[in-house]
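Now for the letters of each chain:
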Amino acid sequence: MQNTTQKHKSASTQRRTLLKGGMAFALTAGVTPFAIGKSKPTLRVLGTHVTLQESLRQRAMEDLGINITFEPGGSATVLQKASMNPSSFDLYEQWSNSINVLWQAQAIQPIEKKRLQYWDEVNNLCKTGKLTENARMGAGDAPHKIINVQEDGTLGERHTGEISFLPYVHNVDSFGYNRNHLPNELQGQEESWGWLLDSRYSGKVAIVNDPTIGLFDLALAAEAKGFIRFNDIGAMTEDELDDLFNLLIELSQLNHFSGFWTSVPESVQFMKSGRATIESMFSPAVSALNGQNIPVTFAAPKEGYRGWHGVMCLSSASQGRNKDVAYEYMNWWLSGWPGAFIARQGYYISNPQRSASYLSEAEWNYWYKGKVASESLKGTDGKISVEKGSQRTGGSYEQRFSNVAVWNTVMPTYAYSLQKWYEFITS
(Lines give C-alpha, C1' and ligand atoms only; values in the text may rest on other atoms or scores of the structure.)
Protein backbone atom coordinates (compact mmCIF):
# COMPACT_ATOMS: atom_id res chain seq x y z
CA MET A 1 0.00 0.00 0.00
CA GLN A 2 1.13 3.55 -0.63
CA ASN A 3 1.82 6.09 2.08
CA THR A 4 -0.62 8.98 2.55
CA THR A 5 1.19 11.39 0.20
CA GLN A 6 1.58 8.80 -2.50
CA LYS A 7 -2.03 7.76 -2.15
CA HIS A 8 -3.21 11.36 -2.46
CA LYS A 9 -1.13 11.84 -5.62
CA SER A 10 -2.34 8.53 -6.98
CA ALA A 11 -5.97 9.39 -6.28
CA SER A 12 -5.62 12.85 -7.82
CA THR A 13 -3.84 11.49 -10.89
CA GLN A 14 -6.37 8.70 -11.21
CA ARG A 15 -9.24 11.16 -10.97
CA ARG A 16 -7.74 13.48 -13.61
CA THR A 17 -7.11 10.49 -15.84
CA LEU A 18 -10.70 9.36 -15.39
CA LEU A 19 -12.00 12.81 -16.31
CA LYS A 20 -9.59 13.37 -19.23
CA GLY A 21 -10.37 9.89 -20.50
CA GLY A 22 -14.07 10.59 -20.27
CA MET A 23 -14.32 11.83 -23.84
CA ALA A 24 -12.58 8.77 -25.25
CA PHE A 25 -14.82 6.49 -23.23
CA ALA A 26 -17.87 8.55 -24.13
CA LEU A 27 -17.19 8.10 -27.83
CA THR A 28 -16.79 4.35 -27.50
CA ALA A 29 -19.82 4.05 -25.23
CA GLY A 30 -22.12 6.25 -27.26
CA VAL A 31 -22.22 9.04 -24.66
CA THR A 32 -22.17 12.62 -25.91
CA PRO A 33 -19.65 14.76 -23.97
CA PHE A 34 -21.17 17.81 -22.32
CA ALA A 35 -20.61 20.84 -24.48
CA ILE A 36 -18.77 23.83 -23.08
CA GLY A 37 -21.11 26.72 -22.50
CA LYS A 38 -24.21 24.59 -21.95
CA SER A 39 -25.85 24.51 -18.55
CA LYS A 40 -24.81 21.61 -16.36
CA PRO A 41 -27.21 18.70 -16.48
CA THR A 42 -28.88 17.67 -13.21
CA LEU A 43 -29.02 14.03 -12.19
CA ARG A 44 -31.85 13.08 -9.81
CA VAL A 45 -31.10 10.16 -7.52
CA LEU A 46 -33.83 8.59 -5.38
CA GLY A 47 -32.93 6.13 -2.63
CA THR A 48 -32.10 5.64 1.04
CA HIS A 49 -29.77 7.33 3.53
CA VAL A 50 -27.42 4.33 3.23
CA THR A 51 -25.75 5.63 0.05
CA LEU A 52 -27.31 9.05 -0.52
CA GLN A 53 -24.75 10.88 1.59
CA GLU A 54 -23.64 14.46 1.11
CA SER A 55 -19.93 13.60 0.88
CA LEU A 56 -20.65 11.28 -2.05
CA ARG A 57 -22.84 13.87 -3.79
CA GLN A 58 -20.21 16.59 -3.50
CA ARG A 59 -17.38 14.35 -4.74
CA ALA A 60 -19.43 13.07 -7.69
CA MET A 61 -20.39 16.60 -8.76
CA GLU A 62 -16.72 17.64 -8.58
CA ASP A 63 -15.49 14.61 -10.53
CA LEU A 64 -18.21 14.59 -13.18
CA GLY A 65 -18.91 18.31 -13.58
CA ILE A 66 -22.67 17.91 -13.20
CA ASN A 67 -25.37 18.84 -10.72
CA ILE A 68 -26.80 16.04 -8.60
CA THR A 69 -29.81 16.02 -6.32
CA PHE A 70 -30.28 13.30 -3.71
CA GLU A 71 -33.71 12.38 -2.37
CA PRO A 72 -33.23 9.94 0.51
CA GLY A 73 -36.09 8.33 2.41
CA GLY A 74 -37.32 5.19 4.11
CA SER A 75 -37.04 2.06 1.97
CA ALA A 76 -40.78 1.39 1.65
CA THR A 77 -41.54 5.06 0.86
CA VAL A 78 -38.97 5.44 -1.90
CA LEU A 79 -39.88 2.09 -3.44
CA GLN A 80 -43.51 3.12 -3.65
CA LYS A 81 -42.61 6.46 -5.23
CA ALA A 82 -40.26 4.90 -7.77
CA SER A 83 -42.68 2.18 -8.83
CA MET A 84 -45.54 4.64 -9.26
CA ASN A 85 -43.70 7.60 -10.76
CA PRO A 86 -40.56 6.76 -12.78
CA SER A 87 -40.44 10.30 -14.17
CA SER A 88 -39.57 11.55 -10.66
CA PHE A 89 -36.01 10.14 -10.77
CA ASP A 90 -33.17 9.26 -13.12
CA LEU A 91 -31.45 6.66 -10.92
CA TYR A 92 -32.80 4.62 -8.05
CA GLU A 93 -30.56 3.21 -5.31
CA GLN A 94 -31.76 0.56 -2.92
CA TRP A 95 -31.49 -3.22 -2.42
CA SER A 96 -32.02 -6.21 -4.65
CA ASN A 97 -35.37 -7.06 -3.06
CA SER A 98 -36.80 -3.97 -4.78
CA ILE A 99 -35.95 -5.21 -8.28
CA ASN A 100 -38.94 -7.47 -8.90
CA VAL A 101 -41.34 -4.76 -7.75
CA LEU A 102 -39.73 -2.10 -9.96
CA TRP A 103 -39.40 -4.41 -12.97
CA GLN A 104 -42.99 -5.58 -12.83
CA ALA A 105 -44.15 -1.96 -12.49
CA GLN A 106 -42.08 -1.08 -15.61
CA ALA A 107 -40.46 1.69 -13.58
CA ILE A 108 -36.91 0.82 -14.69
CA GLN A 109 -35.25 0.01 -18.02
CA PRO A 110 -32.46 -2.43 -18.91
CA ILE A 111 -28.86 -1.28 -18.45
CA GLU A 112 -26.44 -2.05 -21.29
CA LYS A 113 -23.31 -3.85 -20.13
CA LYS A 114 -21.28 -2.34 -22.98
CA ARG A 115 -21.77 1.12 -21.46
CA LEU A 116 -20.39 0.04 -18.08
CA GLN A 117 -16.68 0.83 -18.05
CA TYR A 118 -15.76 -1.58 -15.24
CA TRP A 119 -18.18 -4.44 -15.87
CA ASP A 120 -15.39 -6.97 -16.44
CA GLU A 121 -13.99 -6.15 -12.98
CA VAL A 122 -17.28 -6.88 -11.18
CA ASN A 123 -16.81 -10.02 -9.09
CA ASN A 124 -18.81 -13.25 -9.16
CA LEU A 125 -21.20 -12.55 -6.30
CA CYS A 126 -23.83 -11.14 -8.65
CA LYS A 127 -22.69 -13.18 -11.66
CA THR A 128 -22.71 -16.71 -10.21
CA GLY A 129 -23.97 -16.17 -6.66
CA LYS A 130 -20.73 -17.15 -4.95
CA LEU A 131 -17.41 -15.50 -4.10
CA THR A 132 -15.88 -18.87 -3.27
CA GLU A 133 -16.66 -22.33 -4.58
CA ASN A 134 -17.88 -23.73 -1.26
CA ALA A 135 -19.92 -20.69 -0.23
CA ARG A 136 -23.46 -21.19 1.03
CA MET A 137 -25.82 -19.80 -1.62
CA GLY A 138 -28.51 -18.57 0.74
CA ALA A 139 -32.27 -18.81 0.26
CA GLY A 140 -34.39 -16.29 -1.60
CA ASP A 141 -33.49 -13.67 -4.19
CA ALA A 142 -29.72 -14.10 -4.54
CA PRO A 143 -28.74 -11.22 -6.88
CA HIS A 144 -27.47 -13.43 -9.73
CA LYS A 145 -31.01 -14.82 -10.08
CA ILE A 146 -32.58 -11.43 -10.88
CA ILE A 147 -29.86 -9.37 -12.57
CA ASN A 148 -29.91 -10.62 -16.17
CA VAL A 149 -32.59 -9.41 -18.57
CA GLN A 150 -33.72 -12.40 -20.62
CA GLU A 151 -34.84 -12.27 -24.27
CA ASP A 152 -38.49 -12.59 -23.23
CA GLY A 153 -38.21 -9.59 -20.89
CA THR A 154 -38.10 -11.58 -17.67
CA LEU A 155 -35.21 -11.61 -15.18
CA GLY A 156 -33.05 -14.69 -14.74
CA GLU A 157 -29.64 -16.28 -14.37
CA ARG A 158 -28.63 -16.62 -18.01
CA HIS A 159 -26.17 -13.91 -19.01
CA THR A 160 -27.17 -11.48 -21.76
CA GLY A 161 -26.04 -8.02 -22.86
CA GLU A 162 -28.47 -6.30 -20.49
CA ILE A 163 -28.93 -6.22 -16.74
CA SER A 164 -31.70 -4.93 -14.51
CA PHE A 165 -29.37 -3.11 -12.10
CA LEU A 166 -25.81 -1.97 -11.61
CA PRO A 167 -24.37 -4.10 -8.79
CA TYR A 168 -22.36 -1.86 -6.50
CA VAL A 169 -22.48 -1.74 -2.66
CA HIS A 170 -23.46 -4.85 -0.72
CA ASN A 171 -23.15 -6.42 2.69
CA VAL A 172 -24.49 -9.00 5.05
CA ASP A 173 -26.80 -7.75 7.78
CA SER A 174 -27.88 -9.01 11.15
CA PHE A 175 -28.70 -7.20 14.37
CA GLY A 176 -26.82 -4.88 16.66
CA TYR A 177 -26.77 -4.94 20.46
CA ASN A 178 -25.43 -2.66 23.15
CA ARG A 179 -22.75 -4.62 24.99
CA ASN A 180 -23.47 -2.71 28.21
CA HIS A 181 -26.96 -4.23 28.25
CA LEU A 182 -26.19 -7.80 27.25
CA PRO A 183 -27.99 -10.07 29.76
CA ASN A 184 -25.64 -12.03 32.01
CA GLU A 185 -27.06 -15.33 30.80
CA LEU A 186 -26.13 -14.48 27.17
CA GLN A 187 -22.59 -13.34 27.84
CA GLY A 188 -20.07 -15.71 26.34
CA GLN A 189 -22.71 -17.38 24.18
CA GLU A 190 -22.52 -17.54 20.40
CA GLU A 191 -24.66 -14.79 18.90
CA SER A 192 -28.03 -15.94 17.59
CA TRP A 193 -30.95 -14.42 15.73
CA GLY A 194 -33.02 -15.88 18.56
CA TRP A 195 -31.84 -13.03 20.81
CA LEU A 196 -34.37 -10.77 19.08
CA LEU A 197 -37.18 -12.85 20.59
CA ASP A 198 -35.49 -13.59 23.92
CA SER A 199 -37.68 -12.59 26.87
CA ARG A 200 -34.67 -11.03 28.61
CA TYR A 201 -34.75 -8.30 25.97
CA SER A 202 -38.50 -7.76 26.21
CA GLY A 203 -39.45 -4.11 25.77
CA LYS A 204 -36.09 -3.16 24.25
CA VAL A 205 -36.28 -4.79 20.79
CA ALA A 206 -36.62 -2.70 17.61
CA ILE A 207 -37.15 -4.05 14.09
CA VAL A 208 -36.72 -2.46 10.68
CA ASN A 209 -40.12 -1.58 9.26
CA ASP A 210 -39.77 -3.32 5.92
CA PRO A 211 -41.72 -6.47 5.04
CA THR A 212 -38.97 -7.73 2.74
CA ILE A 213 -36.24 -7.25 5.37
CA GLY A 214 -37.64 -7.13 8.90
CA LEU A 215 -39.80 -10.14 8.10
CA PHE A 216 -36.69 -12.27 7.56
CA ASP A 217 -35.00 -10.99 10.72
CA LEU A 218 -38.01 -12.19 12.67
CA ALA A 219 -38.40 -15.44 10.74
CA LEU A 220 -34.74 -16.28 11.40
CA ALA A 221 -35.27 -15.40 15.07
CA ALA A 222 -38.39 -17.57 15.38
CA GLU A 223 -36.63 -20.50 13.75
CA ALA A 224 -33.52 -20.04 15.93
CA LYS A 225 -35.69 -20.18 19.05
CA GLY A 226 -37.35 -23.37 17.81
CA PHE A 227 -40.80 -21.77 17.61
CA ILE A 228 -41.29 -22.49 13.87
CA ARG A 229 -39.65 -24.50 11.11
CA PHE A 230 -39.89 -23.24 7.53
CA ASN A 231 -39.67 -25.53 4.54
CA ASP A 232 -38.02 -22.70 2.56
CA ILE A 233 -37.43 -19.49 4.48
CA GLY A 234 -36.96 -17.63 1.18
CA ALA A 235 -40.46 -18.64 0.00
CA MET A 236 -42.71 -18.95 3.04
CA THR A 237 -46.21 -20.29 2.50
CA GLU A 238 -49.36 -18.52 3.67
CA ASP A 239 -49.79 -21.11 6.42
CA GLU A 240 -46.23 -20.55 7.60
CA LEU A 241 -46.79 -16.79 7.57
CA ASP A 242 -49.95 -17.25 9.63
CA ASP A 243 -48.01 -19.21 12.24
CA LEU A 244 -45.19 -16.67 12.31
CA PHE A 245 -47.42 -13.63 12.63
CA ASN A 246 -49.67 -15.21 15.26
CA LEU A 247 -46.51 -15.54 17.36
CA LEU A 248 -45.29 -12.02 16.58
CA ILE A 249 -48.64 -10.37 17.28
CA GLU A 250 -48.82 -12.19 20.62
CA LEU A 251 -45.33 -10.88 21.50
CA SER A 252 -46.29 -7.39 20.34
CA GLN A 253 -49.30 -7.36 22.62
CA LEU A 254 -46.95 -8.32 25.46
CA ASN A 255 -44.91 -5.17 24.57
CA HIS A 256 -41.87 -7.18 23.55
CA PHE A 257 -41.08 -4.73 20.72
CA SER A 258 -40.19 -1.12 21.48
CA GLY A 259 -40.62 0.18 17.96
CA PHE A 260 -40.11 -0.14 14.22
CA TRP A 261 -37.60 2.10 12.46
CA THR A 262 -37.73 3.24 8.84
CA SER A 263 -34.30 4.83 8.25
CA VAL A 264 -30.71 4.46 9.41
CA PRO A 265 -30.73 7.76 11.38
CA GLU A 266 -33.86 6.60 13.19
CA SER A 267 -32.23 3.27 14.12
CA VAL A 268 -29.26 5.21 15.53
CA GLN A 269 -31.60 7.32 17.64
CA PHE A 270 -33.43 4.24 18.94
CA MET A 271 -30.18 2.82 20.30
CA LYS A 272 -28.74 6.16 21.42
CA SER A 273 -31.84 7.07 23.43
CA GLY A 274 -32.04 3.65 25.06
CA ARG A 275 -35.39 2.91 23.48
CA ALA A 276 -33.74 -0.23 22.10
CA THR A 277 -30.75 -2.21 23.32
CA ILE A 278 -31.01 -4.78 20.51
CA GLU A 279 -32.41 -4.19 17.03
CA SER A 280 -32.27 -4.88 13.31
CA MET A 281 -29.31 -2.87 12.12
CA PHE A 282 -27.38 -1.82 9.05
CA SER A 283 -23.62 -1.36 9.18
CA PRO A 284 -23.61 2.49 8.88
CA ALA A 285 -25.72 2.76 12.03
CA VAL A 286 -23.27 0.60 13.99
CA SER A 287 -20.39 2.71 12.69
CA ALA A 288 -22.15 5.93 13.68
CA LEU A 289 -22.94 4.69 17.20
CA ASN A 290 -19.40 3.44 17.77
CA GLY A 291 -18.20 6.88 16.63
CA GLN A 292 -20.28 8.33 19.48
CA ASN A 293 -18.73 5.91 22.00
CA ILE A 294 -21.87 3.80 22.27
CA PRO A 295 -20.63 0.17 22.48
CA VAL A 296 -22.74 -1.55 19.84
CA THR A 297 -21.69 -4.87 18.29
CA PHE A 298 -22.89 -5.98 14.87
CA ALA A 299 -23.67 -9.65 15.48
CA ALA A 300 -22.39 -12.59 13.44
CA PRO A 301 -25.31 -15.00 14.08
CA LYS A 302 -24.50 -18.68 14.14
CA GLU A 303 -27.49 -19.36 11.88
CA GLY A 304 -26.04 -17.17 9.10
CA TYR A 305 -26.58 -13.64 7.82
CA ARG A 306 -29.32 -11.92 5.90
CA GLY A 307 -27.60 -10.84 2.68
CA TRP A 308 -28.36 -7.91 0.43
CA HIS A 309 -26.96 -6.41 -2.71
CA GLY A 310 -27.26 -2.74 -3.55
CA VAL A 311 -28.92 -1.98 -6.87
CA MET A 312 -28.64 1.13 -8.97
CA CYS A 313 -31.52 1.23 -11.43
CA LEU A 314 -32.15 3.36 -14.49
CA SER A 315 -35.58 4.97 -14.68
CA SER A 316 -37.74 3.82 -17.57
CA ALA A 317 -38.43 7.52 -18.24
CA SER A 318 -34.73 8.44 -18.57
CA GLN A 319 -33.68 9.29 -22.12
CA GLY A 320 -31.16 11.38 -24.03
CA ARG A 321 -28.83 13.59 -22.04
CA ASN A 322 -30.22 12.50 -18.66
CA LYS A 323 -29.60 8.87 -19.56
CA ASP A 324 -26.01 9.65 -20.61
CA VAL A 325 -25.38 11.41 -17.29
CA ALA A 326 -26.85 8.43 -15.45
CA TYR A 327 -24.30 6.11 -17.10
CA GLU A 328 -21.49 8.51 -16.19
CA TYR A 329 -22.60 8.37 -12.55
CA MET A 330 -22.89 4.58 -12.58
CA ASN A 331 -19.35 4.33 -13.93
CA TRP A 332 -18.15 6.81 -11.31
CA TRP A 333 -19.46 4.56 -8.54
CA LEU A 334 -17.15 1.74 -9.64
CA SER A 335 -14.15 4.00 -10.29
CA GLY A 336 -12.38 3.43 -6.94
CA TRP A 337 -12.91 6.32 -4.55
CA PRO A 338 -16.62 5.67 -3.83
CA GLY A 339 -15.92 2.03 -2.97
CA ALA A 340 -13.23 3.09 -0.50
CA PHE A 341 -15.52 5.68 1.06
CA ILE A 342 -18.33 3.18 1.55
CA ALA A 343 -15.92 0.59 2.99
CA ARG A 344 -15.44 2.88 5.99
CA GLN A 345 -19.04 2.26 6.99
CA GLY A 346 -18.66 -1.47 6.55
CA TYR A 347 -19.93 -1.91 2.99
CA TYR A 348 -18.29 -3.76 0.12
CA ILE A 349 -18.09 -2.72 -3.53
CA SER A 350 -18.51 -5.15 -6.43
CA ASN A 351 -15.01 -4.47 -7.88
CA PRO A 352 -13.02 -4.09 -4.63
CA GLN A 353 -9.52 -4.20 -6.09
CA ARG A 354 -10.05 -0.83 -7.78
CA SER A 355 -10.81 0.72 -4.38
CA ALA A 356 -7.83 -0.86 -2.62
CA SER A 357 -5.42 1.95 -3.50
CA TYR A 358 -7.77 4.48 -1.88
CA LEU A 359 -7.66 2.60 1.45
CA SER A 360 -4.76 2.39 3.85
CA GLU A 361 -3.29 -1.03 4.49
CA ALA A 362 -4.88 -1.01 7.95
CA GLU A 363 -8.30 -0.21 6.47
CA TRP A 364 -8.06 -2.88 3.75
CA ASN A 365 -6.92 -5.50 6.24
CA TYR A 366 -9.72 -4.70 8.69
CA TRP A 367 -12.68 -4.18 6.36
CA TYR A 368 -11.92 -6.72 3.62
CA LYS A 369 -9.48 -9.21 5.13
CA GLY A 370 -11.14 -9.49 8.54
CA LYS A 371 -7.85 -8.87 10.34
CA VAL A 372 -7.30 -7.14 13.68
CA ALA A 373 -7.16 -3.33 13.27
CA SER A 374 -3.50 -2.29 13.52
CA GLU A 375 -4.59 1.28 14.28
CA SER A 376 -7.80 3.16 15.07
CA LEU A 377 -9.92 3.69 11.95
CA LYS A 378 -12.32 6.48 11.05
CA GLY A 379 -15.79 6.07 9.64
CA THR A 380 -17.33 8.12 6.84
CA ASP A 381 -18.12 10.90 9.33
CA GLY A 382 -14.44 11.33 10.17
CA LYS A 383 -14.87 10.01 13.71
CA ILE A 384 -13.11 6.94 15.10
CA SER A 385 -15.47 4.02 14.56
CA VAL A 386 -12.98 1.16 14.94
CA GLU A 387 -10.59 1.04 17.87
CA LYS A 388 -7.10 -0.36 17.48
CA GLY A 389 -7.11 -4.08 18.29
CA SER A 390 -10.73 -4.60 17.16
CA GLN A 391 -11.68 -7.32 14.71
CA ARG A 392 -14.69 -7.33 12.42
CA THR A 393 -17.36 -9.84 13.40
CA GLY A 394 -17.84 -12.61 10.88
CA GLY A 395 -14.34 -12.47 9.43
CA SER A 396 -13.22 -11.56 5.93
CA TYR A 397 -15.30 -10.52 2.92
CA GLU A 398 -15.25 -14.07 1.57
CA GLN A 399 -16.06 -15.63 4.95
CA ARG A 400 -19.02 -13.37 5.58
CA PHE A 401 -20.51 -13.97 2.15
CA SER A 402 -20.01 -17.69 2.55
CA ASN A 403 -22.51 -17.64 5.40
CA VAL A 404 -25.70 -16.10 4.00
CA ALA A 405 -28.84 -17.77 5.36
CA VAL A 406 -31.30 -15.76 3.27
CA TRP A 407 -31.27 -12.75 0.95
CA ASN A 408 -33.62 -9.79 1.14
CA THR A 409 -36.47 -11.17 -0.94
CA VAL A 410 -39.87 -10.43 -2.47
CA MET A 411 -41.54 -13.84 -2.02
CA PRO A 412 -44.30 -15.34 -4.17
CA THR A 413 -46.53 -14.68 -1.14
CA TYR A 414 -45.44 -11.01 -1.02
CA ALA A 415 -48.97 -9.55 -1.16
CA TYR A 416 -50.11 -11.78 1.70
CA SER A 417 -46.97 -11.10 3.75
CA LEU A 418 -47.53 -7.37 3.29
CA GLN A 419 -51.04 -7.66 4.71
CA LYS A 420 -49.80 -9.69 7.68
CA TRP A 421 -46.89 -7.30 8.26
CA TYR A 422 -49.19 -4.30 8.66
CA GLU A 423 -51.47 -6.26 10.95
CA PHE A 424 -48.39 -6.97 13.07
CA ILE A 425 -46.93 -3.46 13.30
CA THR A 426 -50.32 -1.98 14.17
CA SER A 427 -51.27 -4.68 16.72
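Everything numeric in this text was worked out from a predicted model, so none of it was measured.

### Some thoughts on the overall build of the protein
Part 1: Along its length, the protein carries 15 helices and 17 strands.
Part 2: Rg of the C-alpha trace for the protein: 21 Å, near the compact-globule value of 22 Å for 427 residues, within the 12% margin.
Part 3: Dimensions along the principal axes, computed over C-alpha positions, put the protein at roughly 65 × 50 × 40 Å.
Part 4: Pairs at least 24 apart in sequence give 70% of the contacts found in the protein among residues at least 6 apart.
Part 5: As displayed, the protein offers around 17100 Å² of accessible surface, 47% of which is attributable to carbon and sulfur atoms.
Part 6: Across the protein, the 40 positively charged side chains and the 42 negatively charged ones have centroids separated by 10 Å.

### Some words on the pattern of salt bridges
Working definition: two side chains of opposite charge can pair if their charged atoms are close together.
Part 1: Summed over the entire model, instances satisfying the criterion amount to 15 salt bridges.
Part 2: Across the pair Arg59 and Asp63 runs a salt bridge whose closest N-O atoms are separated by 3.2 Å. One end of the pair is Arg59 and the other is Asp63, both in helix 3 (residues 54-64) and four residues apart, which spans about a single turn.
Part 3: For Arg158, the salt bridge goes to Glu151, with nearest N and O atoms at 2.3 Å.
Part 4: Here Glu151 falls in the exposed class, since its relative accessible area comes to 64%.
Part 5: Residues joined by salt bridges that share partners form a network here, namely Asp173, Asp217 and Arg306.

### What about the confidence of the model for the protein?
Part 1: Residues of the protein with pLDDT of at least 70 account for 91%, and the chain-wide mean is 91.
Part 2: Low pLDDT, under 50, characterises residues 1-35; the stretch is placed with 41 contacts to residues that sit more than four places away or in other chains.

### Things to note about the packing of aromatic side chains
Part 1: Applying the stated criterion to the full structure yields 28 aromatic pairs.
Part 2: On the basis of an interplanar angle of 20° and a centroid distance of 5.7 Å, the ring pair of Tyr329 and Trp332 is categorised as stacked. Here the residue Tyr329 and the residue Trp332 both occupy positions in helix 10 (residues 320-333), the gap between them amounting to three residues, near one helical turn. Judged on exposure class, the residue Tyr329 and its partner Trp332 are both buried.
Part 3: Three or more aromatic residues joined by ring pairs make a cluster, and in this case those are Tyr168, Tyr329, Trp332, Trp333, Trp337 and Phe341.
Part 4: Cation over ring: Lys127 sits above Trp119, and NZ or CZ is 4.7 Å from the ring centre.

### A word on helix 3
Part 1: Looking at helix 3, one finds that the buried residues are Leu56, Arg57, Arg59, Ala60, Met61, Asp63 and Leu64.
Part 2: One or two residues past the end of helix 3 sits Gly65, with phi positive at roughly 70°.

### As for the nonpolar core
Part 1: Membership of the largest hydrophobic core comes to 99 residues, with the highest contact counts inside it found for Tyr329 and Trp333.
Part 2: Per-element accounting of this core gives the leading share, seven residues, to helix 10.
Part 3: Core analysis: the next-biggest nonpolar cluster, separate from the first, contains 40 residues, Ala139, Ala219, Ile228 and Ala299 among them.

### Side note on the side chain of Ser280
Part 1: Counting through the fold element by element, Ser280 comes out in strand 12 (residues 278-281).
Part 2: Here the side chain of Ser280 touches Asp217 through a polar contact of 2.8 Å, side chain to side chain.
Part 3: What Ser280 contacts, discounting residues up to four positions off in sequence, is Ser174, Phe175, Ala206, Ile207, Val208, Asp217 and Trp261.

### What to know about the pairing of strand 11 (residues 257-261)
Part 1: Most of strand 11 is tucked away, with five of its five residues classed as buried.
Part 2: Taken together, the four bridges between strand 10 (residues 205-208) and strand 11 define a ladder with parallel strand orientation. By the bridge assignment for strand 11, Val205 is matched with Phe257.

The rules behind these values
Residues numbered from 1 in each chain as written. Predicted model: local features only at pLDDT ≥ 70, side-chain atom pairs only at ≥ 80, totals over all residues. Heavy atoms only, no water. Helix = DSSP H or I, 4+ residues; strand = E, 2+ residues; numbered from the N terminus. Rg over C-alpha atoms; globule rule 2.2 N^0.38 Å. Contact = heavy atoms within 4.5 Å. Areas by Shrake-Rupley, 256 points an atom, 1.4 Å probe, with all protein chains shown as cover. Lys, Arg positive; Asp, Glu negative; His and termini not counted. Charge placed at Lys NZ, Arg CZ, Asp CG, Glu CD. Salt bridge = Lys/Arg side-chain N within 4 Å of Asp/Glu carboxyl O. Buried < 20%, exposed > 50% of the residue type's maximum accessible area, 1.4 Å probe, protein only. pLDDT = per-residue confidence, 0-100. Phe/Tyr/Trp six-rings, centres within 6.5 Å; stacked < 30°, edge-to-face > 60°. Lys NZ or Arg CZ within 6 Å of the ring centre and 35° of its normal. Core = buried A, V, L, I, M, F, W, Y, C linked by side-chain atoms within 4.5 Å. Polar contact = N/O pair within 3.5 Å; in protein donor to acceptor, adjacent residues only side chain to side chain. Pairing = 2+ DSSP bridges.

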